[in-house]
Amino acid sequence: MEEFSLYVLDITMNSVRAGADKIDVTLEEKKSDGGERMLYFTVSDNGCGMSGEMVKRLADPFFTTRKTRSVGLGVPFLKMLAEQTGGGLEIVSRSKEEHPDDHGTTLKASFGIEHIDFIPLGDLEGTFITLIQGSPDIDFTFTYITPTGKVHLACSEIREILGGDISLAEFEVLEWIRGYLRESYEALKQNK
């Protein structure tokens, strides 16, 4: 994948496939303890979760739970990108079978933004629109934090404003969300 936003899409879709109805995606740019500019990426969900054995096998490109292909490259490539840029990857999961009242998965990855191997962020706005359009009933929360400001979008808050009768997949709603994200990202760029 040539853009980071495609990793965001791929990893978040894993949460959708896991049956999550609440998914939090956070990207945060800040300096590490060593002074390097880092990007911290977190996806947290309340999906079915995974066993400890499954979590261990996620970094293997020849392991996948999907039936449409025989390899699962998203997590192994994300891990490789993180490590190549001076970061790392951690996955914590609690399976529904073992923890029926408190299950889900959290993936945390860190990346050296200024490292030569870090790829462009890409179209984060389009990624979030795609996720909402494809799964309008999920409570996505997107947060992008930089030293100069923050972009925040919560589907639950939009639903509350719209009332229960309007889907987030409606064209006008998606266009409003797209405009909001575009303006928010532009404001961050201007503050840099």
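Attention here is on the structure that accompanies the text.

About the criteria used
- Residues numbered from 1 in each chain as written.
- Predicted model: local features only at pLDDT ≥ 70, side-chain atom pairs only at ≥ 80, totals over all residues.
- Heavy atoms only, no water.
- Pairing = 2+ DSSP bridges.
- Helix = DSSP H or I, 4+ residues; strand = E, 2+ residues; numbered from the N terminus.
- Axes fitted to C-alpha atoms, helices over the stretch in contact; angles between N-to-C directions.
- Contact = heavy atoms within 4.5 Å.
- 1 Å grid on protein atoms, 1.4 Å probe; cavity = no way out; pocket = protein on both sides within 12 Å on 5 of 7 lines; lining within 4 Å.
- Points joined across faces, edges and corners; volume = space filled by probe spheres on them.
- Parallel < 35°, antiparallel > 145°, perpendicular 65-115°, else oblique.
- Left-handed = near helix turned anticlockwise from the far one by under 90°.
- Nonpolar A, V, L, I, M, F, W, Y, C, P; charged D, E, K, R; others polar.

Digging into the sheet that holds strand β6 (residues 149–154)
- A sheet is described by the order of its strands in space; here 6 strands give the open sequence β3-β4-β2-β1-β5-β6, paired in mixed fashion. With one partner strand each, in any of the chains shown, β3 (88–94) and β6 form the two edges of the open sheet. Pairs of neighbouring strands in the sheet enclose a mean axial angle of 5°, with direction left out of account.
- Here strand β1 (residues 22–31) pairs with strand β5 (residues 139–146) via 7 bridges, running parallel. What sits directly across from Lys22, in β5, is Asp139.
- Running at roughly 20° to strand β2 (residues 37–45), helix α1 (residues 4–17) makes contact with β1, β2, β4 (104–112) and β5 of the sheet.
- The sheet contacts of helix α3 (residues 74–84) involve β2, β3 and β4, and relative to β4 the element is tilted by about 35°.

Overview of the layout of surface pockets
- The volume enclosed by the second largest pocket comes to roughly 240 Å³.
- Lining the second largest pocket are 15 residues, with Gly122, Leu124, Tyr144, Tyr185 and Lys189 sitting closest to its centre.
- For the lining of the second largest pocket, the secondary structure elements donating two or more residues are α4 (124–134), β5 and α6 (171–191).
- Here the lining of the second largest pocket gets 6 residues from one element, more than from any other, and that element is α6.

Topic: the packing of α1 against α3
- Packing of α1 against α3 brings their axes to within 10 Å, and their N-to-C directions diverge by 135°. The orientation of α1 relative to α3 falls into the category oblique. Note on packing geometry: the crossing formed by α1 with α3 is left-handed. Here Phe4, Tyr7, Asp10, Ile11 and Asn14 of α1 lie close against α3, whose contacting residues are Gly74, Val75, Phe77, Leu78 and Leu81.
- For the contact of α1 with α3, a count of residues per class yields 7 nonpolar, 2 polar and 1 charged.

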